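Examination of the molecular architecture
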Amino acid sequence: MRFREIRIALCADIEQMFMQMKVDTKDRPYLRFLWKNNGHVETYEYTSHIFGATVSPCIASYALTKSAQDNTKTYPIVQKFTEQNSYMNDLFLAVSSANEATNIVHETHKVFATSGFNLTKWKPNSQQVLDLLNPDIRPNPDTSAPQSQTVLGLPWFPEADTFVIERKLFHKIKLDEKRDVHLSRKLLNEIPISSVELHTLTKASELALSAVSLRIEHIDDSVSVAFVIGKARVAPIKRMTIPNLELQAAVYGAQLAEFVKDEMDIEVQTEIFWSDSTTVLYWLRTPEIRHRIFIANRLAKVLDVSSDQDLFYNSSTRNPADDGTRSYNVHQMKVNSQLSTCDNSDVNCPKYHDVQVGRRKQMTLPEIKREAQRLSFKYQIEVLQ
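Now for a quick tour of the structure. Since this is a predicted model, take the numbers as computed values, not measurements.

So, on to the overall build of the chain. When helices and strands are tallied, the chain shows 10 helices and 15 strands. The burial tally for the chain puts 43% of its 385 residues in the buried class. Of the roughly 22,100 Å² of accessible surface on the chain, a fraction of 52% belongs to carbon and sulfur atoms.

Structure, rendered in structure tokens:
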């Protein structure tokens with residue numbers, strides 16, 4: 001997510017990362033293999049770490065971090081960049097200016113070169129950054145090379161600065177035609193920020209649970225909406241009531257909001273949680289009621305990261321998380337229309353206190369009804385005593 005925060009982005013690859021790390025002589029017998037040569041079977045040992053060994057990724061990550069830590073005094077920014085923006089042999093960076101990007105690239109290249117790591121395949125989304133790179137670092141222009149760069153499995157086109165989500169066959173998703181979904185990488189524009197809000201919307205059905213986070217940027221008098229992350233999980237095999245599923249989706253939404261805040265460098269001033277389930281909102285607004293253990297535990301998880309003043313109601317027709325719980329064909333996918341074209345009116349949903357939800361209505365729910373019966377029976381026993 002940090003890769004999507006700021007205007008200028010670039011990525012790089014560490015050439016043959018595992019092969020740059022030698023194996024201790026006493027550990028090489030564990031990497032023996034047989035080789036058949038002219039009818040004779042010979043035994044060899046790897047002297048470098050190899051792909052497929054379970055320890056190789058851990059050792060490679062440690063070696064990369066150690067290389068940055070050893071040069072902290074000379075290049076302090078490299079350590080922070082390595083710890084937060086390296087994923088195995090891939091490096092991703094998002095900065096606000098071309099000069100800052102160029103300085104980080106040159107310093108990182110020098111630090112890793114001292115440890116035998118060669119950074120290659122630099123791919124920026126800005127021609128200005130490419131022109132400022134040293135000739136020995138600058139990639140050679142190759143018209144036959146693919147224009148996209150894979151970022152954690154997702155194709156990224158630097159020129160358009162968009163991610164492309166390729167439509168694939170999934171269970172219970174109808175694909176009448178193949179159409180890719182384009183998602184803008186950049187979350188922030190160049191206008192100064194006055195405040196940032198994190199909106200988390202949740203939805204559940206009998207087929208799936210979904211939680212989608214939206215980050216609303218209030219920039220002076222204008223408002224921009226950016227889709228940050230979405231998660232969908234298959235509903236449990238054991239049949240549950242819709243209110244219970246909606247509550248579980250609210251838990252996923254609270255966990256997702258905490259994850260976004262921890263991973264992003266952007267400071268969030270306000271958090272708002274949305275749900276189209278009046279039952280779940282009623283439970284969260286009335287923590288003094290003694291609910292069943294299943295409900296009480298999940299209410300506590302949600303209220304740990306939010307307060308009853310941050311909970312709001314919105315209808316299913318205006319809930320982007322509803323897309324993750326339905327079976328859509330390509331024409332019905334609403335990722336672009338509902339998430340990328342939002343405006344200020346989409347966040348002015350009615351507040352919970354504007355929704356009339358009475359206690360009498362809640363008493364008809366099985367989750368509340370059983371609790372009410374238990375309390376009533378307990379009260380009758382106390383009276384008899």
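Right, picking up where we left off after that structure.
Relative orientation of the contacting elements helix α2 (residues 76-85) and helix α3 (residues 98-114) amounts to 90°, with a least axis distance of 9 Å. Taken together, the axes of α2 and α3 lie roughly perpendicular to each other. Residues Ile77, Val78, Phe81 and Thr82 of α2 form the contact with α3, whose participating residues are Ile104, Glu107, Thr108, Val111 and Phe112. In the contact of α2 with α3, the residues fall into six nonpolar, two polar and one charged.

What follows is about the pattern of salt bridges. Taken as a whole, this structure holds eight salt bridges when the rule is applied. Its salt-bridge partner being Arg32, residue Glu45 comes within 2.7 Å of it at the nearest N-O pair. Of the two residues, Glu45 sits in strand β3 (residues 40-45) while Arg32 sits in strand β2 (residues 32-37), which places them 13 residues apart along the sequence. For Arg185, the salt bridge identified is with Asp161, shortest N-O distance 2.5 Å. Highlighted residues: Arg185 in the loop between β10 (181-184) and β11 (195-204) and Asp161 in the loop between β8 (154-157) and β9 (162-165), separated in sequence by 24 residues. Looking at Arg185, the relative accessible area reads 0%, which means it is buried.

Take the environment of Ala250 next. With respect to the element layout, Ala250 can be found in helix α5 (residues 242-263). Placed 27 residues apart in sequence, Ala250 and Ser277 show a C-alpha to C-alpha distance of 9.8 Å. Other than its neighbours up to four places away in sequence, Ala250 contacts Thr202, Val280 and Val302.

To find leftover empty space, a probe the size of one water molecule is rolled over the atoms. Following the criterion strictly, the structure yields one cavity of 30 Å³ or more and no others. A volume near 70 Å³ is recorded for the largest cavity. In this structure, the largest cavity is lined by Thr202, Ala250, Phe273, Trp274, Ser275, Val280, Leu281, Leu284, Val302, Leu311 and Phe312. Every element with two or more residues in the lining of the largest cavity is listed here: β14 (270-275), α6 (278-285) and β15 (311-313). Taken together, the residues that form the lining of the largest cavity break down as nine nonpolar, two polar and no charged.

Counted residue by residue, β2 has zero buried out of six residues, so it is predominantly exposed. Sheet analysis places β2 next to β3, joined by six bridges and oriented antiparallel. Residue pairing across strands places Leu34 opposite Thr43, the latter belonging to β3. A loop of two residues connects β2 with β3, the two strands running antiparallel in sequence, and Asn38 in this loop sits at a positive phi of about 55°.

A sheet is described by the order of its strands in space; here four strands give the open sequence β4-β5-β1-β6, paired in antiparallel fashion. In this open sheet, the two edge strands, each paired with only one partner strand, are β4 (86-87) and β6 (119-124). Contacts between α3 and the sheet are confined to β1 (8-14), β5 (90-95) and β6, with β5 contributing the most and set at about 155° to the helix.

This brings us to the sheet that holds β8. Across a sheet, strands are paired by hydrogen bonds formed along the backbone, either parallel or antiparallel in direction. Taken in spatial order, the four strands of this open sheet run β7-β8-β9-β10, and their pairing is antiparallel. What marks the edges here is a single partner per strand, and that holds for β7 (149-151) and β10. Each strand of the sheet is rotated relative to its neighbour by a mean of 40°, with strand direction disregarded. Looking at chain direction, β9 and β10 are connected through four bridges and run antiparallel. If you follow Val164 over to β10, its bridge partner there is His182.

Moving on, we come to the side chain of His199. Mapping His199 onto the fold places it in strand β11. Relative accessible area serves as the criterion here: at 2%, His199 is assigned to the buried category. A polar contact is formed between the side chain of His199 and the side chain of Glu197, at a distance of 2.8 Å. Separated by 2.9 Å, the side chains of His199 and Trp274 make a polar contact.

Here we take up the packing of aromatic side chains. Within the structure shown, the criterion is met by nine aromatic pairs. Note on Phe3 and Phe92: the rings are 5.6 Å apart at their centroids and 65° apart in plane angle, and the pair reads as edge-to-face. On the criterion of sequence distance, the pair formed by Phe3 in the segment before β1 and Phe92 in strand β5 is long-range, its members being 89 residues apart. Classification of Phe3 by relative accessible area gives buried; the value is 8%. Looking at Phe92, the relative accessible area reads 4%, which means it is buried. The interplanar angle of 35° and the centroid separation of 5.4 Å between the aromatic rings of Trp274 and Phe312 together place this pair among those described as tilted. Within this pair, whereas Trp274 is found in strand β14, its partner Phe312 is found in strand β15, the two being separated by 38 residues in sequence. Residue Trp274 is classed as buried on the basis of its relative accessible area of 6%. The rings of Phe3, Tyr87, Phe92, Trp156 and Phe163 are connected pair by pair, giving a single aromatic cluster. Taking NZ or CZ as reference, Arg185 lies 5.7 Å from the ring centre of Phe3, over its face. Of note, Arg298 hangs over the ring of Phe294, and the distance from its end group to the ring centre comes to 3.7 Å.

Conventions and cut-offs
- For every chain, the first residue of the written sequence is number 1, and numbering continues from 1 onward in sequence order.
- Given that the model is predicted, a residue must reach a pLDDT of at least 70 before its local features are reported, and side-chain atom pairs must reach 80 or more before they are shown or counted; all residues, however, enter totals for whole chains, interfaces and linings.
- In computing side-chain properties, one takes all heavy atoms of the structure into account and sets aside hydrogens as well as water.
- Secondary structure elements are defined from DSSP: runs of H or I of at least 4 residues count as helices, runs of E of at least 2 residues count as strands, and each element is numbered from the N terminus.
- Each residue is placed in one exposure class: buried if its accessible area under a 1.4 Å probe, protein chains only, is under 20% of its type's maximum, exposed if it is over 50%, and partly exposed if it falls in between.
- What sets the accessible areas is the Shrake-Rupley method with a 1.4 Å probe; for residues, cover comes only from the shown protein chains.
- Axis geometry follows a simple rule: fit a line to the C-alpha atoms, using only the stretch in contact for helices, then measure angles between N-to-C directions, giving values from 0 to 180 degrees.
- The scheme is simple: roughly parallel for angles under 35 degrees, roughly antiparallel for over 145, roughly perpendicular for 65 to 115, oblique for anything else.
- In what follows, residue pairs with any heavy atoms lying within 4.5 Å of each other are defined as contacts.
- Lys, Arg, Asp and Glu make up the charged group, whereas Ala, Val, Leu, Ile, Met, Phe, Trp, Tyr, Cys and Pro make up the nonpolar group; the residues left over, Gly among them, are polar.
- By definition here, a salt bridge exists when the distance from a side-chain nitrogen of Lys or Arg to a carboxyl oxygen of Asp or Glu is within 4 Å.
- Using a grid of 1 Å spacing that covers the protein atoms alone, one calls a set of points a cavity when a 1.4 Å probe fits there but cannot get out, and a pocket when the set is open and has protein on both sides within 12 Å along at least five of seven lines; lining residues are those with an atom within 4 Å of a point.
- Grid points are joined across faces, edges and corners, and a volume is the space filled by probe spheres set on the points.
- Should DSSP find at least two bridges between two strands, the strands are regarded as paired.
- Polar contact is defined as a pair of N or O atoms within 3.5 Å, subject to the rule that within protein one atom must be able to donate a hydrogen and the other to accept it, and that residues adjacent in sequence are counted only when both atoms are side-chain atoms.
- Here a pair means two rings of Phe, Tyr or Trp (six-membered ring of Trp) with centres within 6.5 Å. Their orientation is stacked below 30 degrees between planes, edge-to-face above 60, and tilted elsewhere.
- In this analysis the charged atom, NZ for Lys or CZ for Arg, is taken to sit over a ring once it is within 6 Å of the ring centre and within 35 degrees of the ring normal.

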